[in-house]
Amino acid sequence: MENTNQEYGLVIIGGGPAGSAAAVYAARKNIKSAIITTEFGGQSVVSDDIQNWIGTAHISGMDLAKDLENHVKEYQGEFLNIVKDKVVKVTQNEDKTFSIKTGKDDIIAKAVLVTTGSVRRKLEAKNADVFEHKGLTYCASCDGPMYKGEDVVVVGGGNAAFESALQLSSYCKKVYILNRTDKYRADQITVDKVLKIENIQIINNAVINEVLGDKFVDGLIYNNAEKLDVSGIFVEIGQIPNTDYIEFVNKNTVGNIITDSRTQRTSIEGVWAAGDCTDGLYHQNNIAVGDAVKALENVFVWLRG
Ligand SMILES: Cc1cc2nc3c(=O)[nH]c(=O)nc-3n(C[C@H](O)[C@H](O)[C@H](O)COP(=O)(O)OP(=O)(O)OC[C@H]3O[C@@H](n4cnc5c(N)ncnc54)[C@H](O)[C@@H]3O)c2cc1C
């Protein structure tokens with residue numbers, strides 16, 4: 001059903017864990033809604049084995065995507081429209097409603113929930129793409145436990161890198177942090193914690209040139225000459241949020257939408273945001289879902305209000 005020629009109470013943009021959760025809750029609350037997404041599943045769709053989706057010990061990213069889509073489709077009908085398209089622009093109208101432009105339509109809504117997530121900033125080094133998901137990963141809390149007792153590298157100098165190293169240090173033998181400069185972007189309190197951990201070693205002014213391995217990672221070269229033998233490389237050099245198409249809400253310097261963590265409201269009345277596109281500190285499937293549910297509870301009260 002792709003009837004977009006109407007005004008909605010709520011338009012949800014994005015079909016990852018956050019958007020899918022929001023769509024289910026919106027339909028169950030009888031809010032006239034549309035979910036507009038390029039695809040269902042979100043970032044972890046590429047994962048072979050997700051081990052922390054609560055209630056399911058193991059699920060592949062593809063199966064999680066199918067489950068999310070099927071759950072949303074269960075509610076497709078009177079209250080929920082599913083639109084498979086890309087949103088290119090959101091603007092606010094004089095009457096305070098919002099216009100959501102896709103390639104084909106201009107959809108009007110009283111409220112908008114932005115859940116378009118982000119993409120990880122990729123490591124630029126020889127073979128980094130070849131070993132992605134074969135020892136080189138972009139999610140320490142997702143894949144870290146698979147590297148128990150092994151030597152690993154965390155790439156980055158911000159909070160995500162330092163917190164990932166802390167996490168990994170509790171089960172990996174040795175954790176190297178490879179930082180491009182001699183300054184840390186992580187909070188001092190986190191840096192201090194890391195400095196006290198014996199099995200973490202920070203290497204500053206280190207630029208990775210090449211990832212080594214046969215089928216899986218077994219090392220890397222940095223600064224053109226130095227070699228480290230490691231079986232895991234955790235890249236934490238930032239995320240790029242998918243928020244360019246909505247310009248009028250307050251964002252941080254990276255582009256994450258600033259939200260009130262109690263309600264997920266943004267700086268503009270009528271716009272909510274949830275999941276990885278927000279300035280929330282932690283980015284996980286379960287958190288994205290929880291944020292979206294919080295937002296939906298608040299949207300419901302606001303729409304009735
Ligand atoms: C490789 C990898 C593995 C991971 N593994 C785990 C794990 O094991 N456990 C865990 O908890 N977390 C994991 N994560 C993190 C987790 O995937 C994210 O925290 C989660 O996906 C965030 O959900 P989201 O709904 O906020 O955004 P996303 O998952 O990023 O979903 C965004 C959605 O918006 C859509 N979209 C984007 N732009 C537009 C647009 N302009 N118009 C319409 N639609 C748009 C996309 O198609 C997508 O459906 C992993 C991340 C990565 C990168």
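To start, this report covers the structure provided alongside it.

A word on the packing of helix α1 (residues 17-28) against helix α6 (residues 285-304). Between α1 and α6, the least distance of the axes is 8 Å, while the angle of their chain directions is 35 degrees. With respect to the hand of their crossing, α1 and α6 are arranged in right-handed fashion. Each of P17, A18, G19, A21, A22, Y25 and A26 in α1 lies in contact with α6, whose residues at this interface are N285, A288, V289, D291, A292, V293, A295 and L296. Looking at the contact of α1 with α6 residue by residue, the classes come out as 12 nonpolar, two polar and one charged.

What follows covers the nonpolar core. L10, V11, A22, A26, I100, V112 and L113 are the most contacted members of the largest nonpolar core, which has 51 residues in total. In contact with I100, not counting residues within four places along its chain, are V11, I13, I36, V87, V90, I107, A109 and V112.

Let us look at the site of the ligand. If you check the shell around the ligand, you find 37 residues, and the closest are G14, G16, G42, G117 and G275. Contributions of two or more residues to the shell around the ligand are made by β1 (7-15), α1, β2 (33-40), β7 (118-120) and α6. The element contributing the most residues to the shell around the ligand is β2, with four residues. Looking at the shell around the ligand residue by residue, the classes come out as 12 nonpolar, 21 polar and four charged.

Spatial ordering of the open sheet is given by β8-β15-β9-β10-β11, a layout of five strands whose pairing is parallel. Each having just a single partner strand, β8 (136-137) and β11 (200-203) make up the two edges of the open sheet. Both strand β10 (residues 174-178) and β11 contribute to a ladder of four bridges, which runs parallel. The residue of β11 that forms the bridge with L178 is I203. Contacts from helix α4 (residues 159-169) reach β9 (151-155), β10, β11 and β15 (232-235), with the element oriented near 165 degrees to β9.

Cut-offs and rules
Residues numbered from 1 in each chain as written. Predicted model: local features only at pLDDT ≥ 70, side-chain atom pairs only at ≥ 80, totals over all residues. Axes fitted to C-alpha atoms, helices over the stretch in contact; angles between N-to-C directions. Helix = DSSP H or I, 4+ residues; strand = E, 2+ residues; numbered from the N terminus. Left-handed = near helix turned anticlockwise from the far one by under 90°. Contact = placed C-beta atoms within 7 Å. Nonpolar A, V, L, I, M, F, W, Y, C, P; charged D, E, K, R; others polar. Core = buried A, V, L, I, M, F, W, Y, C linked by C-beta atoms within 7 Å. Buried ≥ 20, exposed ≤ 12 C-beta atoms within 10 Å, placed from the backbone. Near = placed C-beta within 6 Å. Pairing = 2+ DSSP bridges.

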